[in-house]
Amino acid sequence: MAKFILKFNNEVVDHIEITQGDMKIGRKPGSEIILDNLAVSGTHANIFTIGDDSFVQDLGSTNGTFVNHKKVAKHHLHNGDVVTIGKHSLIFVNEVTAQQNTEDFAKTVVINPGSMSASGGDAPNLNLSETVETRLPPIKRGGRTGAIFVLSGANSGKRIELKRSITSLGKVGKRSGIIKKTDSGYRIEVPSDAIGTPTLNGKPVPPTGTDLKNGDIIEISGARLQFYLK
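About the thresholds
Residues numbered from 1 in each chain as written. Predicted model: local features only at pLDDT ≥ 70, side-chain atom pairs only at ≥ 80, totals over all residues. Heavy atoms only, no water. Salt bridge = Lys/Arg side-chain N within 4 Å of Asp/Glu carboxyl O. Buried < 20%, exposed > 50% of the residue type's maximum accessible area, 1.4 Å probe, protein only. Phe/Tyr/Trp six-rings, centres within 6.5 Å; stacked < 30°, edge-to-face > 60°. Helix = DSSP H or I, 4+ residues; strand = E, 2+ residues; numbered from the N terminus. Lys NZ or Arg CZ within 6 Å of the ring centre and 35° of its normal. pLDDT = per-residue confidence, 0-100.

## Observations concerning the pattern of salt bridges
With the rule as written, the count across this model stands at three salt bridges. Between E189 and K180 there is a salt bridge, with its nearest N and O atoms 3.3 Å apart. Of the residues examined, K180 reaches a relative accessible area of 29% and is grouped as partly exposed. Between E189 and R187 there is a salt bridge; the shortest N-O distance is 3.3 Å.

## A look at the packing of aromatic side chains
All chains considered together, the criterion is met by two aromatic pairs. Relative to F92, the ring of F4 lies with its centre 5.9 Å away and its plane at 65°, an arrangement referred to as edge-to-face. Pair noted here: F4 is in strand β1 (residues 2-8) and F92 is in strand β11 (residues 88-94), with a separation of 88 residues, a long-range link. Of the two residues, F4 and F92, both sit in the buried class. Just above the ring of F55 sits the side chain of K74; from NZ or CZ to the centre is 5.6 Å.

## Here we look at the confidence of the model for the protein
When pLDDT is averaged along the protein, the result is 77, and 75% of the positions lie at 70 or above. Confidence, read as mean pLDDT per element, is least for helix α2 (residues 102-107) in the protein (39) and greatest for strand β7 (residues 65-67) (96).

Shown next as structure tokens:
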């Protein structure tokens, strides 16, 4: 099953399941995906899906349809593609592809795969490791569950559910930051043994850490991630 993560001005506003056949996108009532913004044409674009394959086609819109920042007339969508229409972004998630090797991915996510050097040195790998802190009791909290969406790198389009008490960010065996679940939400921190410092929305994460907000962008070792609540 495929879906779109719909964002407006970088805020996640909806998750839309993609159905077989045609799905019109536009400002006009009656469209399967209505984007109520003046930058969107009445009937702006069409999503056509057959089996596990989905295509986006511009329908002669005034402002154009873009995929990964490039204007397109028609495009075969791949997991992680970002369709931009006006101020709206639709992140395409093909769950058939995304769920391949789910069990291994849930343990360690390699964003920029590399190989160990012959001398046994550090691999140029960036990982997100869901670390089970056995000494910490499970955190009970209401509200929405957090997740990280990989925006760039070899695993672009992958999603990590932040179900653990602590999720480590960094290279293999060398973390650069951690995301903690708290009673009030999620927090990114830089541990004392950190190698490098991640950035949050373009600014270095302070040593004391900071709370994460829906839509925040985390950059680490050249990879780009987005935090969101669902």
